[in-house]
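Each chain, letter by letter, is given below.
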Amino acid sequence: QVQLGESGGGLVQPGGSLRLSCAASGINFELYIMGWYRQAPGKERELVAFKTPAGNTKYADSVKGRFTISRDNAQNTVYLQMNQLKPTDTAVYYCNAKPLVVGSPLWGQGTQVTVSL
């Protein structure tokens, strides 16, 4: 069964850190670009970061220098380390798997991140 399962969300104070995890099953992980998107209330879903199987990365300008994406191809897992969190980072974070060849992207169910005092 093809599945992306996120974990690690929660409530954190401004300036704090969280690490999100996304475990993939049912896919050849090394043939997918793995990424994280987020959607805040009333806003469109936006790219946070992605990492290719070769190790190339891309970050949204708003998270550069604060967030780090990594992937463990042996564990079929992608991570998002989030430091120096701001209230504007509050959103539902979604794991995404985009195939290198033809095919539809896969989405996780989302995990809530709330940055607040």
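So, how was this worked out
- Residues numbered from 1 in each chain as written.
- Predicted model: local features only at pLDDT ≥ 70, side-chain atom pairs only at ≥ 80, totals over all residues.
- Heavy atoms only, no water.
- Patch = residues over 30% accessible without salt bridge, like charges linked within 9 Å, V, L, I, M, F, W, Y side chains within 5 Å.
- Areas by Shrake-Rupley, 256 points an atom, 1.4 Å probe, with all protein chains shown as cover.
- Salt bridge = Lys/Arg side-chain N within 4 Å of Asp/Glu carboxyl O.
- Helix = DSSP H or I, 4+ residues; strand = E, 2+ residues; numbered from the N terminus.
- Buried < 20%, exposed > 50% of the residue type's maximum accessible area, 1.4 Å probe, protein only.
- Pairing = 2+ DSSP bridges.

Chemist: For this particular structure, what's the right way to read a nonpolar patch on the surface?
Modeler: Residues Leu31, Leu100, Val101 and Val102 make up a contiguous nonpolar surface patch of about 430 Å² in total accessible area. Within the secondary structure, Val101 sits in the loop between β9 (91-99) and β10 (106-107). With relative accessibility at 62%, the residue Val101 sits in the exposed group.

Chemist: What should I look at first to understand the pairing of strand β5 (residues 46-51) in this one?
Modeler: Within a regular strand, side chains alternate between the sheet's two faces. Pairing geometry for strand β4 (residues 32-39) and β5, over five bridges, is antiparallel. The partner of Met34 across the bridge, within β5, is Lys51. The turn joining β4 and β5, which pair antiparallel and follow one another in sequence, is formed by six residues; a positive phi near 75 degrees is taken by Gly42. Pairing analysis gives three bridges linking β5 to strand β6 (residues 57-59), with the strands arranged antiparallel.

Chemist: Which parts of the structure should I look at to understand the pairing of strand β7 (residues 67-72)?
Modeler: The side-chain alternation of β7 yields one buried face, formed by Phe67, Ile69 and Arg71, and one unburied face, formed by Thr68, Ser70 and Asp72. Note: β7 against strand β8 (residues 77-82), six bridges, orientation antiparallel. Paired with Phe67 across the strands is Met82, a residue of β8. Hairpin connection between β7 and β8: a loop of four residues separates the two successive antiparallel strands, and Asn76 in this loop has a positive phi of roughly 55 degrees.

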